[in-house]
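Okay, here's what each chain looks like letter by letter:
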Amino acid sequence: MKTLKNVLLFLTLSVIFISTSCTKEEDTSKHGAFSNGVFIVNEGPFQTGTGTITYFNPDSNLVKQDIFEMVNGRPLGNIAQSMTIYNGKGYIVVNNAGTVEVVDIATFKSEATIKNLVNPVQFLAINATKAYVSDWIGHVAIVDLVSNVISKTIPAGTGPDAMLKSGSYVYVANTGGFSVDSTVTVIDFATDKVIKTIKVGDVPSAMVADGNGRIWVLCKGRGYTGWPQAGDTPGRLIRIDPNTLSVDFNYKFAANDIHPEKLVINKQKSMVYFLYNYGVYRFNITLANASPELIRSRSFYSLDYENKTDYLYVSDPKNYVGSGIVLRLKAADGSVVDSIPAGIIPRGFAFPE
Amino acid sequence: MLERMERRVVVFFVFFFLVLKISAQQYDTIQSIAGVEITADKTTSFSAGLKVQKIDTTALFIRQGASIAMLLSEQSPVFLRSYGPGGVSTLSVRGTNSSQSAVFWNGLNLTQPNMGMTDLSRISTFEFSDISLQSGGASALLGSGVIGGSLNLSSAMKFSKPVKTSILVSGSSIGKMTGGIKLNAGNSRLAYTGSAVGDWNQNNFKFTDYHGNRKRLEHAESKSISTIHQAEYILNRKQRLSAGIWFQATDRKIPPTMTMAASDQQQWDQAVRSSLQWTYTGVKQSFLVRSAFVDEKEHYQSENKLIDEFYHLKTLQAEFEYKRYFNKQITLGAGSSTRLIRADVPYYGGLEYQKEGSVWFALAYLHPGTGIKSVLNLRQDISEGFNIPFCPSFNIEVPVSARITGTFGVSKNFRIPTMNDRYWIPGGKPDLLPESSWNLQAGGAYTYHSGANIQSKIGIDIYSLLINNMIQWVPGDAVLWSPQNVQKVWSRGVEISSKTDFQMYGFNGYFRFGYNYTPSTYGETTSNGSDVQNKQLIYIPLHKVVETFYAERGKYYTMFSYSLTGKRYVQSDNQKSLPSYSLLDFYAGGTFKLNKSSFRLQAEIRNMMNKSYQSVLYYPEPGISFSINLLISI
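Residues numbered from 1 in each chain as written. Chains lettered and ligands numbered in written order. Predicted model: local features only at pLDDT ≥ 70, side-chain atom pairs only at ≥ 80, totals over all residues.

Engineer: An account of the overall build of chain B is requested, with residue identities and associated values reported.
Structural biologist: Counting its secondary structure elements, chain B contains six helices and 34 strands. For chain B, the spread of C-alpha atoms along the principal axes amounts to about 65 × 55 × 50 Å. Within chain B, the fraction of its 634 residues that count as buried is 50%. Within chain B, contacts between residues at least 6 apart in sequence are counted, and of these 63% link residues at least 24 apart. (Helix = DSSP H or I, 4+ residues; strand = E, 2+ residues; numbered from the N terminus. Buried ≥ 20, exposed ≤ 12 C-beta atoms within 10 Å, placed from the backbone. Contact = placed C-beta atoms within 7 Å.)

Written out as structure tokens, the structure reads:
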């Protein structure tokens, strides 16, 4: 009898004891002001994670991780893609969640969630009441910025990704999604109508406008760097004349199996930068016979440019399942300024307006 | 959080040992793998010293209709990585990942050659009478992928039994309906066992989302059917012929994670596995010849993600084994196997074939005076395209006294890369090295009897497992992901189990306890992730506890099943983790006889404490649910 009692006592005590085990960890962090900061968009782990936002204040070197969840008490969503700052608000595109989170840029408090997107990639503000969101499903969604609701969609090519507003038009690069597209869709944003589809190189993935309003399109080409396969095509840097909406410059990269990615332009609008052949390259667009010039030899995942400092921001995701880092490089010579700890797979950047 | 957890575990053990000292101990989880009959003579003869937990037949009887994944997570202190209802659930033994443990059915390795793992959420307990979990490296005996351990599924064949039929019907409050039928028949020469089970699961439950709203899990319905037929025929006194076929199909919608708005992903799988075996068992020698054919198809679709993929794999294998017995003390064995895999996977850029083969030698010695059993296994596998390390193992089992048994083992083990690792475009590397490991383990078991009423056994095992060349998909230059032999992992730990059977005051029952302490850390790496060294592997809990209390009196019985799963890191730099969770399940029922039939009616309450938890980050699991389960035996 004593033995049975002891067995039952043990069972009861251990169950009661362990059942009290789970208590939520206390969040002792306090909300801070996030003005004058740079925001780093971290994708988060591919299958099971959430994207995060890292805040970096260049003046004080203050870094705060995962500020969206810290302020709002919930995760951002699966695969954060990009962030755009417009009119004091941050618009964070979360691909797998099918949402754009709208936050107050000073407090990072969530103000709205734009829903009913499928695979959103980029957000582009047109004016105070209208924005475009490119969606890999094959269209550009029009968002009413007053109600934060999608009003309608504009058909594009396959895998629309980067968007650029210049003059009266919005240019949409159709990457092809998991396949290959080779076009740029031109939309008149006053009427929301497609006015032309321009044939460029394979997999157009990034665009910038120069001082004359000409559109520079970086096309990755078909294939993967370091993985030569039959049917690979070379990358191209293409220029579109905004008046004729036709290609007036076409630079072909030498190798078929090395593919350029990302594209930014400096504040003087004279030099573009991109990732290529395991390094950061620049290309002087004011010269007639320019060629890519290596400024930093190291493989990076993403690239952006800050006008205020003339710095390039590049990211190293390390092993892709732990925290990555962001490096700041001097655009002039590619030298490293400093390193900023980031979240999992740092992908994009948003600089103060 | 970790310190608090550890404190609780320490106090928990003080309770545990105090009670054990006063009461008694029962432990039946350390035993020979010999219980796994159909995994061929080889494992019966050459497995002394390995740690095997045979799932208790009572627990298996009560959990009829559950998935193997659920059964193991409740009854064993190993960790099951569950991607929520509707998602896959895979085994993690001794701090290793899902591809480093193998699942066998009648000696046939079920691991998918493309993925390198087996989904245990799709396999029903209803179709097997023997389920046993072997812990520790055993590649020299069982081949590739047995670095952490292995799971063995089989059904006993019974000759000269009258026809016996079992019918299972169950339903639960989350919309899970299960129906099954099982038939055993035989005469003096022929035995047959057949089963069919169907499962329709709506996964209809609510969870609290990150906006604080109660939300129903959407797009989570799954349907599955499985049927197994096995027959064994006695040709003469020494020869037997046996055959088995297993058809399995699953159609499931894949629900969104908590960080996704919606999902339109769905997956359809089908597998047909068949085997044919001839055995000759003489006084001095025995032979075994076996062939098997497996046909697996998978169709994965998502209109929104622009994905529509169809995989088709066929595997043909043949095995030969020979054993020679000397004076009932020495058994010598040798054998070989060959396997051909044909993979039609769109991302391989065309049909790919993989050819594998192996030769092995084994020596078992039983010392007649002391009862000491020792086994030496040697194995060399070959595969086109890369060298596989020679794998020896030595295990010994020492009966120290009538009550105490000790075991010790050392082994080298390996896992060949998956076909995805080798052929996936882009990134696949045909020249990857196999993973290899050294495993050192020691254990002890103590048996105690107090009259006829109390029987106890307690076992303690310790191990050290060092994995080299662990394969990880990592980004190379220019962000092209590619598998690399980059990682070393060191897993070591302590496993404690006990079982106490009691018979008193008209009650029969038992109390079972299991605890695994599993530090498993990243070692040196050659990839760009140096800040992970000495960090705990993701999704390997440091602590897991299971307890089961069962009691019966006359026709009625009840069972409580409790499990505690410790904190799991979700980032390799250990900066983010999921909290520990505990689950309590309750079962009560009665068995009633009518003529020659018996009816078992059982009520179940699962997750009684209504815990909100996630096994894997952002995959919600159900709260409290209720089930009714009827089992008719005719």
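Engineer: Outline the overall build of chain A, listing residues and values.
Structural biologist: Along the backbone of chain A there are two helices and 28 strands. Along the first, second and third principal axes, the C-alpha atoms of chain A reach 95 × 45 × 45 Å. Looking at the 353 residues of chain A, the share that counts as buried comes to 52%. Considering only contacts in chain A between residues 6 or more positions apart, those separated by 24 or more positions represent 41%.

Engineer: Describe in detail the confidence of the model for chain A, supporting the description with residues and values.
Structural biologist: All names here are of chain A. Averaged over all residues, the pLDDT of chain A is 89; the fraction at 70 or higher stands at 90%. Overall, residues 1–5 carries pLDDT values under 50, and its contacts beyond four positions in sequence, including any with other chains, amount to six contacts. Note that residues 7–31 has pLDDT below 50 and, in this model, 38 contacts with residues that lie over four places away or in other chains. (pLDDT = per-residue confidence, 0-100.)

Engineer: Tell me what's going on with unusual backbone geometry, and back it up with residues and numbers.
Structural biologist: Residues and elements named next belong to chain B. The residue after isoleucine 425, namely proline 426, is reached through a cis peptide bond having omega 5°. For proline 426, the position within the fold is in the loop between α6 (419–423) and β23 (435–450). We note that tyrosine 539 has phi near 60°; this positive angle belongs to a residue other than glycine. One non-glycine residue with positive phi stands out, namely asparagine 574, at about 60°. Positionally, asparagine 574 belongs in the loop between β30 (568–569) and β31 (577–578).

Engineer: Please give an account of the environment of Ile53(A) that cites residues and values.
Structural biologist: Residue and element names in this part refer to chain A. When you line up the elements, isoleucine 53 lands in strand β2 (residues 52–57). Among the residues examined, isoleucine 53 registers 29 C-beta atoms within 10 Å and is labelled buried. In the structure, isoleucine 53 is positioned 82 residues away from aspartate 135 in sequence and 21 Å away in space, judged by C-alpha atoms. Setting aside its immediate chain neighbours within four residues, isoleucine 53 contacts Phe39, Ile40, Val41, Ile67, Phe68, Leu76 and Ile92.

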